[in-house]
Structures are given as C-alpha cells and as structure tokens.
Amino acid sequence: MNAVADRLRPLTGHRLFWPVLVLVVMILANAVHRPGFLAIEVKNGHLYGSLVDILRLSAPLMLVALGMTLVIATGGIDLSVGSLCAIAGAIACLHISTAPDQNSPSTVLTALALAFGAALVLGAWNGVLVAVIGIQPIIATLILMVAGRGLAQLITEGQIITINSGPYRAIGLGHFLTLPLAIFTALAAALLIAALTRRTALGLIIESVGGNAEASRLAGIRSGRVIFLVYVVSAACAAIAGFMMTANVSSADGNAAGLWVELDAILAVVIGGTSLAGGRFSLGGTVLGALIIQTLTTSVYAMNISPQTALLFKAVVVIAVCLIQSPAFRARFRRRRGAATPGPAAARREKEQVPA
C-alpha cells in the first residue's frame, strides 16, 4: 500500500490533479443521473450535447477568469468585470440597434470596436486608481462595479435593447469546425495569454510583483506599469465576454448582463490553485475552475434544485472542492486518520509495553 502511495504522490501532488479529479467526478455523477449526458450528436453539421453546451456556456466565464487570474497574481482583485461585461454589451447592442442594416459586417465591427475601446478606457481607469493613485484594489474596482452598472443602465435607458443581427449573434451562437465559435474564442484568448506569460518574462514579472511589489521595484521592475497592464487586460477579457453574453440572447440588459460573474471568476481562479495573496498563478487551473463552475451550474439545473437552494448547494460544493485541494487540509486529515488507526508497528509496540 505504501509503495502504491509513493508512486501516486507525484501525481496527486500536481496542482491540477484535484481540479481534474473533481471535474471528472462531476461529469460521471451527471452521467449516472442522466444517461444521455455524455451523448453527442450531429445536426446540420454541428455538434450538440450537454458536454458541448458546458464548453460553450463556460466560455464567457473562462475569459473573465483569465483576466482575473493576472490581476490576482499581482495581489489585486477586480470586482468591476461584471459591470464591464454589461457596458460593453450595451454599447455594442445600442450601436447595432440604431444602424439601418443590422446585418452589415461593418456595423458590427464598428460596434465591437467602440465597446472594446470603452472597456479598455475603463480598465485603464482601474489601473490608474490602483497603480498610480494607490487606492486599494478592492475599493478601486468596487467604485466601477457600482458606477459601471449604473452607466450600463444609462446607456440602455433602463430598457432591454433587442437586436436582430446575424453576425453579432454568431459571436455567441455561431459555429466553426462543427463546434461553437465561443469555444475557439476562449481557447484563443487562453493560448495568447499563456504565450505572453509563459513564453516571455512577463509571467515571471507578474508573479514577482504579486510576491513583493516593493522588492520588484527595487530590482528594477516597474511594478506600476505591470499592475496597470493587468487591469487593462482584465477589462479586455470582460468586454469579449460581454459580447458573448449579449449575443447569446440578442439583447442587452444593463441590469442583468454579467451580474455576479466576478464572484464566479474569483471562485474559478481559487479552485484552479491561484492564491488570492498573489504570486504564482495557474492559467490551466483557471480554465479547469471555470469548467467546474459551469458543470456545477448545469448539474444544479439538471437536478431540478429550487432557485432558493441552488446558490447554497453551489457554495457547499465549492467549499468542498477548495478543502479537497488544500494541501494543509489533506495533511491534517492524514495525520488525524493515522492517529485514529495506528499501524502494525505501533500496535506491536503498545502490546509489548503491556505488563504480563
């Protein structure tokens, strides 16, 4: 038994082992509860099925969580990503709704450019507040979280803007190579961020700033610029996610779009193994965390759990996942288990100490 445990220790010690195990267990549980969960069929040249839906629906969260990972790696937090999703989607849909031809590619591209530019400006605003003025990240982004939601409702005038644009709808519901286009968009963003942070010195710089910003500054790293950059990247990821969210329903709702997505993004980052204290981060873990969150959401709906208890059920599962992958918790559990069940050697020693 000990030999098997020693062989498995390098595998179980990997930071992605427990998130992968949790995801596999959740998929198997759904397959047992719903026999057709793993079924995938082809309709009109496109793949359909519950697994495909999970990948498609997790794409916006994955994008937001990737940007959040970089922010958290610097020791910060971005609570404004949900509002940024709503603002970007509202600006894009408002421009398309006023165009004479909503299906014109130039109209859609202009709408995306305007919304994306606005998101970058707001991301830069967060970066200035945190990196230049020195406001605590949770306070700086909380300002935009509240004000941004109001700005999104001002853009939509408190109404739901409905559009009928095929090119824009394709952002969320389109297909490429038989799979939803949203999956490829999220995958491209993940690969681009991974290339910039793992194939260059940028990732190491971000981790050093998150580990100790002052020491990084003394070492010659311009910490302020790095912090400013990650907030701009986070806003860009949130804008693209906002396009997907509004494209899925062909409408923009300044009040509901992206609501509480920042909390799911933080959970995805934490489940993926990135510490909220900053420093080392895991993009692969974040992707797995987003998939776990979406699989959990799908499971809740499939089990017909009432909306009143769905959030509580979700919170309990997330806490369990975090505890399972916590090295300190596992070590304490093993110590207690070892103390409760002494091995043969310990039992033999106890027997020898008993007087005849």
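Scroll up a little and you will see the structure.
Chemist: I'd like to hear about the side chain of Thr197, residue by residue, with values.
Modeler: Note on placement: Thr197 falls in helix α8 (residues 181–198). Exposure remark for Thr197: the relative accessible area of 4% places this residue in the buried category.

Chemist: With reference to specific residues and values, describe the environment of Pro105.
Modeler: Relative to the assigned elements, Pro105 resides in helix α5 (residues 105–133). Given the relative accessible area of 54%, Pro105 is considered exposed. C-alpha of Pro105 to C-alpha of Tyr168: the two residues are 63 residues apart in sequence and 8.7 Å apart in space.

Chemist: Before we move on, can you summarise the side chain of Ser251 with the specific residues and values?
Modeler: Position of Ser251 among the secondary structure elements: in strand β6 (residues 251–252). Ignoring sequence-local partners within four residues, the contact set of Ser251 consists of Cys93, Ile160, Ile161, Thr162 and Thr246.

Chemist: Summarise the layout of surface pockets; cite the residues concerned and give the values.
Modeler: Here the largest pocket defines a volume of roughly 1,100 Å³. Taken together, 31 residues form the lining of the largest pocket, with Leu259, Asp264, Thr297, Tyr301 and Lys314 sitting closest to its centre. Broken down by secondary-structure element, the contributors of at least two residues to the lining of the largest pocket are α3 (50–73), α11 (223–249), β6, α12 (261–271), α13 (283–302) and α14 (307–324). At six residues, the largest contribution of residues to the lining of the largest pocket is made by α14.

Chemist: Could you give an account of the nonpolar core, with specific residues and numbers?
Modeler: With 64 residues, the main nonpolar core has Val64, Met68, Tyr168, Ile171 and Phe243 as its most contacted residues. A total of 11 residues in this core trace back to one element, the largest contributor, which is helix α4 (residues 81–97). Residues contacting Tyr168, with those up to four places away along its chain left out, are Gly89, Ala92, Cys93, Ile96, Val108, Leu112, Ile163, Gly242, Phe243, Thr246 and Ala247. Membership of the second largest hydrophobic core comes to 18 residues, among which are Leu66, Leu70, Val130 and Val230.

Chemist: Could you give an account of the packing of aromatic side chains, naming the residues involved and the relevant values?
Modeler: Inspection of every chain in the model, using the stated rule, returns one aromatic pair. Between Phe176 and Phe184, the aromatic rings sit 5.3 Å apart at their centres with planes inclined by 85°, giving edge-to-face as the arrangement. In this arrangement the basic side chain of Arg198 is found over the ring face of Phe281, its NZ or CZ atom lying 4.2 Å from the centre.

Chemist: Can you lay out the pairing of strand β2 (residues 46–49) for me, pointing to particular residues and giving the numbers?
Modeler: Strand residues, when the strand is regular, have side chains that alternate between the two faces of the sheet. In this structure, strand β1 (residues 40–43) lies alongside β2, joined through four bridges in antiparallel fashion. In the sheet register, Val42 faces β2, and the bridge partner there is Leu47. Between β1 and the antiparallel strand that follows it, β2, lie two residues; Asn44 among them carries a positive phi value of about 55°.

Chemist: Help me get a handle on the packing of α3 against α13, residues and values and all.
Modeler: For the pair α3 and α13, interaxial distance at closest approach is 8 Å and the crossing angle is 140°. Put simply, α3 runs oblique to α13. Between α3 and α13 lies a crossing of right-handed hand. On α13, the residues touching Ile54, Leu55, Leu57, Ser58, Leu61, Met62, Ala65, Leu66 and Thr69 of α3 are Leu283, Thr286, Val287, Ala290, Leu291, Ile293, Gln294, Thr295 and Thr298. Per-class residue counts for the contact of α3 with α13 are 12 nonpolar, six polar and no charged.

Chemist: So what about the pattern of salt bridges? Which residues, and what values?
Modeler: Evaluated as defined, the whole model comprises two salt bridges. The shortest N-O distance in the salt bridge between Glu41 and Lys43 comes to 3.5 Å. With relative accessibility at 43%, the residue Glu41 sits in the partly exposed group. For Lys43, a relative accessible area of 43% gives the class partly exposed.

Chemist: A description of α11 should follow, citing residues and the corresponding values.
Modeler: When the terminal C-alpha atoms of α11 are compared, their 40 Å separation across 27 residues agrees well with the 39 Å that a helix rising 1.5 Å per residue should span. Immediately downstream of α11, the backbone of Ser250 shows phi near 55°, a positive value.

Chemist: I'd like to hear about the environment of Ala302, residue by residue, with values.
Modeler: By secondary structure assignment, the location of Ala302 is in helix α13. Each C-alpha atom, one on Ala302 and one on His33, is 8.8 Å from the other, the two residues being 269 residues apart in sequence.

Chemist: An account of a nonpolar patch on the surface is requested, with residue identities and associated values reported.
Modeler: Taken together, the side chains of Trp125, Ile138, Ile139, Leu142, Ile143 and Val146 define a hydrophobic patch exposed on the protein surface, amounting to about 560 Å² of accessible area. Top element by residues in the nonpolar patch is helix α6 (residues 137–156). It accounts for five residues. Considering the arrangement of structural elements, one finds Ile143 in helix α6. Residue class for Ile143 comes out partly exposed when judged on its relative accessible area of 42%.

Chemist: Outline helix α9 (residues 202–211), supporting the account with residue identities and numerical values.
Modeler: For α9, every residue scored as buried is listed here: Gly203, Ile206, Glu207, Val209 and Gly210. Summarising the axial view, the buried residues of α9 lie within an arc of 160°, below the 170-degree limit, and thus occupy one face. With respect to the buried face of α9, the exposed residues turned more than 90 degrees away are Leu204 and Gly211. Where α9 is buried, its residues touch α3, α8, α10 (213–218) and α11.

Parameters at a glance
Residues numbered from 1 in each chain as written. Predicted model: local features only at pLDDT ≥ 70, side-chain atom pairs only at ≥ 80, totals over all residues. Heavy atoms only, no water. Helix = DSSP H or I, 4+ residues; strand = E, 2+ residues; numbered from the N terminus. Buried < 20%, exposed > 50% of the residue type's maximum accessible area, 1.4 Å probe, protein only. Contact = heavy atoms within 4.5 Å. 1 Å grid on protein atoms, 1.4 Å probe; cavity = no way out; pocket = protein on both sides within 12 Å on 5 of 7 lines; lining within 4 Å. Points joined across faces, edges and corners; volume = space filled by probe spheres on them. Core = buried A, V, L, I, M, F, W, Y, C linked by side-chain atoms within 4.5 Å. Phe/Tyr/Trp six-rings, centres within 6.5 Å; stacked < 30°, edge-to-face > 60°. Lys NZ or Arg CZ within 6 Å of the ring centre and 35° of its normal. Pairing = 2+ DSSP bridges. Axes fitted to C-alpha atoms, helices over the stretch in contact; angles between N-to-C directions. Parallel < 35°, antiparallel > 145°, perpendicular 65-115°, else oblique. Left-handed = near helix turned anticlockwise from the far one by under 90°. Nonpolar A, V, L, I, M, F, W, Y, C, P; charged D, E, K, R; others polar. Salt bridge = Lys/Arg side-chain N within 4 Å of Asp/Glu carboxyl O. Expected span 1.5 Å × (residues − 1). Patch = residues over 30% accessible without salt bridge, like charges linked within 9 Å, V, L, I, M, F, W, Y side chains within 5 Å. Areas by Shrake-Rupley, 256 points an atom, 1.4 Å probe, with all protein chains shown as cover. Arc of directions from axis to C-beta.

Geometric values such as these leave the question of function open.
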